[in-house]
Amino acid sequence: MLDFDVSKYLSEISHAETQAMLHELEQGQSESMLTPRRSHTTPAPPGSPQQTATATAPRVAGRFVNMDENDLRNFVDQNENINTKKKTLCHMKLFEHFLNDVNELRQMHQIPTTELDSHLSKFLICVRQKDGSEYQPSYLRGMLGSFERYLKRHRYGYSLISSHQFAGTREALKTKQKDLKKKGMGNKPMAADVITDSEINTLYETKQLGKDTPESLLNTVWFNNMLHFGMRGGDEHRQLCWGDLKLGYDQELEREFLQFNERQTKTRTGIDVTNTRSTKPAMYAEPGSDKCPVETYKAYKEKRPVNFCDDEHPFYLGTVTHSKTPHQRDQWFLRAPVGRNKLFKLMKT
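Throughout this document, residue positions are counted from 1 along each chain, in the order its sequence is written. Totals for whole chains, interfaces and linings use all residues, but because this is a predicted model, local features are given only for residues with pLDDT of at least 70 and pairs of side-chain atoms are given and counted only at 80 or more. To obtain the side-chain values, all non-hydrogen atoms of the structure were used and water was disregarded.

## Observations concerning unusual backbone geometry
With phi around 70 degrees, Lys 207 is a residue other than glycine that occupies positive phi space. Numbering of helices and strands starts at the N terminus; helices are DSSP runs of H or I of at least 4 residues and strands are runs of E of at least 2. Checked against the element boundaries, Lys 207 lands in the loop between helix H8 (197-205) and helix H9 (214-229). Within the chain, Glu 254 stands out as a residue other than glycine whose phi angle is a positive 55 degrees.

Next comes the structure, spelled out in structure tokens:
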């Protein structure tokens, strides 16, 4: 069907013309037939009632927002992942130091392909960390990705990943990665350890998890969301709103559950519209357990400020800090989101 609003044009054409165009549309005519037909009459003289009425008539709202190049760039910048932006900036500064060392005064996007290919090849072979140790193979590949983003932004016209002009750069990276692998690198030494059941029990026993204090309650809802919904630390938690979790009841299992309506994530950014979960993740109640995630959620809801559980309200709230052992009747949480740094460091602490 055609995506077209005929009513927008009714004020500009006569009733007879409207009926004729609708008849043509019903007969299968193209969308172009809906262009308003204007009579070839002589324009009204200046100051006439007809011209005054035309001048004062409200303009029909357009379907497209006005946007210039600066608006477009700002929109892209604001929606770029902040960690990706920081990483790109860090890698570009490192490459600029390298260019200064080899007496190259031009910026990356100003250097011709042949010279830039040579510079990048040498950089990937020679670069080291501040303490003189080698970078991990995957980190070098990440650097190349940052350079690619920078050149695309500056409309360089060639790709480090696919253009034959940078075959030397790709070969240097591959050779360097093989050499690092021979040295035993590339085995993900920074991978996180899996938390065990005994460690979880210890966290509850030491009151770091539980429902006894604002801090432990906040820690617990964060931990449950990470454990059951697979949420990464950081931005995914920061973007979470109260309405993203919905309490439901499973008639078959006769048990309550919390269902998560996922927003943008690191692995599902929205670029690929087909990359979605086949089913919404959920965490189920554990009747009789002091670790029941649904009961923890209800306790957290009860302790939130009055009228601060609307869908758009932040999920994680700042804690009241006037007492480490507040009474159950005291206010536990503020009407404001928890601080960014605190939220990002919850698991570390």
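## Some points on the confidence of the model for the protein chain
In low-pLDDT regions, the fine details of the predicted coordinates are not to be read closely. Values of pLDDT, which run from 0 to 100, indicate the predictor's confidence residue by residue. Residues at a pLDDT of 70 or more form 72% of the protein chain, whose mean pLDDT is 81. Ranking the elements of the protein chain by mean pLDDT puts helix H2 (residues 49-56) last with 47 and helix H5 (residues 113-126) first with 97. A low-confidence stretch, residues 52-60 stays under pLDDT 50, and its non-local contacts, those more than four residues away or across chains, total 2 contacts. Contact between two residues is taken to exist if any of their heavy atoms lie within 4.5 Å; hydrogens are not considered.

## Here we look at the packing of aromatic side chains
When two rings of Phe, Tyr or Trp (its six-membered ring) have centres within 6.5 Å they constitute a pair, described as stacked for plane angles under 30 degrees, edge-to-face for angles over 60, and tilted for the intermediate range. For the coordinates displayed, the defined rule picks out 16 aromatic pairs. Plain terms: the ring middles of Phe 95 and Phe 147 are 5.2 Å apart, the flat faces sit at 50 degrees to each other, and that makes the pair tilted. Residue Phe 95 is located in helix H4 (residues 82-101), and its partner Phe 147 is located in helix H6 (residues 137-153); the two are separated by 52 residues in the primary sequence. Here Phe 95 and Phe 147 have matching classes, each one buried. Ring centres of Phe 98 and Phe 123 lie 5.5 Å apart, and the angle between their planes is 70 degrees; this geometry places the pair in the edge-to-face category. Here Phe 123 lies in helix H5 and Phe 98 lies in helix H4, a separation of 25 residues in the sequence. The pair formed by Phe 98 and Phe 123 is uniform in burial state, with each residue classed as buried. Cluster of aromatic residues (ring-pair linked, three or more members): Trp 242, Tyr 297, Tyr 300, Phe 315, Tyr 316 and Phe 333. A positively charged side chain is recorded as over a ring if its NZ (Lys) or CZ (Arg) lies within 6 Å of the ring centre. The angle to the ring normal must also be within 35 degrees. Above the plane of the ring of Tyr 204 lies Lys 291, whose end atom (NZ or CZ) is 5.1 Å from the centre. Geometry around Trp 332 places Lys 303 over its ring, the cationic atom sitting 4.7 Å from the centre. Using a 1.4 Å probe on the protein chains alone, a residue whose accessible area is under 20% of its type maximum counts as buried, one over 50% counts as exposed, and one in between counts as partly exposed.

## Some details on empty space enclosed by the protein
Whether a set of points on the 1 Å grid over the protein atoms alone is a cavity depends on a 1.4 Å probe fitting there but being unable to get out, while an open set qualifies as a pocket with protein on both sides within 12 Å along at least five of seven lines; lining residues are those with an atom within 4 Å of a point. Grid points are joined across faces, edges and corners, and a volume is the space filled by probe spheres set on the points. According to the stated counting rule, one finds 3 cavities of 30 Å³ or more in the structure shown. Size it by volume and the second largest cavity reaches roughly 40 Å³. Looking at the second largest cavity, the residues that line it are Val 221, Asn 224, Asn 225, Leu 245, Leu 258, Met 283, Pro 293, Tyr 297 and Phe 315. Counting only elements with at least two residues in the lining of the second largest cavity, the list comes to H9 and helix H11 (293-303). Per element, the largest residue contribution to the lining of the second largest cavity is 3 residues, and it comes from H9. Under the convention adopted here, Pro, Cys and the residues Ala, Val, Leu, Ile, Met, Phe, Trp and Tyr are nonpolar, Asp, Glu, Lys and Arg are charged, and Gly plus all remaining residues are polar. Class assignment of the residues belonging to the lining of the second largest cavity gives a composition of 7 nonpolar, 2 polar and no charged.

## Some details on the environment of Lys 301
With respect to the helices and strands, Lys 301 occurs in helix H11. Separated by 14 residues in sequence, Lys 301 and Phe 315 place their C-alpha atoms 9.7 Å apart. When near neighbours in sequence (up to four residues on either side) are disregarded, Lys 301 contacts Trp 242 and Cys 309.

## Description of a nonpolar patch on the surface
Together, Met 67, Leu 72, Phe 75 and Val 76 make up an exposed nonpolar region whose accessible area comes to about 370 Å². Tracing the sequence through the fold places Met 67 in the loop between H2 and helix H3 (69-78). Only residues whose relative accessible area exceeds 30% and that form no salt bridge enter a patch; like-charged residues are grouped when within 9 Å of one another, and nonpolar side chains (Val, Leu, Ile, Met, Phe, Trp, Tyr) when within 5 Å. To be clear on the numbers: accessible area is Shrake-Rupley with a 1.4 Å probe, and residue cover counts the displayed protein chains and nothing else. One side-chain nitrogen of Lys or Arg within 4 Å of one carboxyl oxygen of Asp or Glu is enough to make a salt bridge.

## What about the sheet that holds strand S3 (residues 282-284)?
Pairing between the strands of a sheet comes from backbone hydrogen bonds, and it takes one of two forms, parallel or antiparallel. Sheet architecture is open: 3 strands sit in the order S1-S2-S3, paired in antiparallel fashion. Because the sheet does not close on itself, it has two edges, and the strands there are strand S1 (245-250) and S3. In this sheet, adjacent strand axes meet at a mean angle of 30 degrees when their direction is disregarded. In short, DSSP must find at least two bridges between two strands for them to pair. Note: S1 against strand S2 (residues 255-260), 6 bridges, orientation antiparallel. Paired with Gly 248 across the strands is Phe 257, a residue of S2. Axis definition: a line fitted to C-alpha atoms, limited for helices to the stretch in contact. Angles are taken between N-to-C directions and run from 0 to 180 degrees. Packing of H9 onto the sheet brings it into contact with S1, S2 and S3, and relative to S3 it is tilted by some 115 degrees.

## So, the pattern of salt bridges
Taken as a whole, this structure holds 13 salt bridges when the rule is applied. Here Glu 69 ties to Arg 155 by a salt bridge, and the two come within 3.6 Å at their closest N and O atoms. Here the residue Glu 69 occupies a position in helix H3, and Arg 155 occupies one in the loop between H6 and helix H7 (167-182), the gap between them amounting to 86 residues. In this pair, the class of Glu 69 matches that of Arg 155, namely exposed. For Glu 115, the salt bridge is made with Arg 106, and the minimal N-O distance between the two is 2.6 Å. Taking relative accessible area as the criterion, Glu 115 reaches 34% and is therefore assigned partly exposed.

## Some words on H6
With 17 residues, H6 extends 25 Å between its outermost C-alpha atoms, agreeing within 8% with the 24 Å of an ideal straight helix rising 1.5 Å per residue. Inspection of H6 places Pro 137, Leu 140, Met 143, Leu 144, Gly 145, Ser 146, Phe 147, Glu 148, Tyr 150 and Leu 151 among the buried residues, and these make up the whole buried set. Contacts from the buried residues of H6 go to H4, H5 and H7. Remark: Arg 155 follows H6 within two positions and exhibits a positive phi of approximately 55 degrees. In a helix, the anticipated span is given by 1.5 Å times the number of residues less one.

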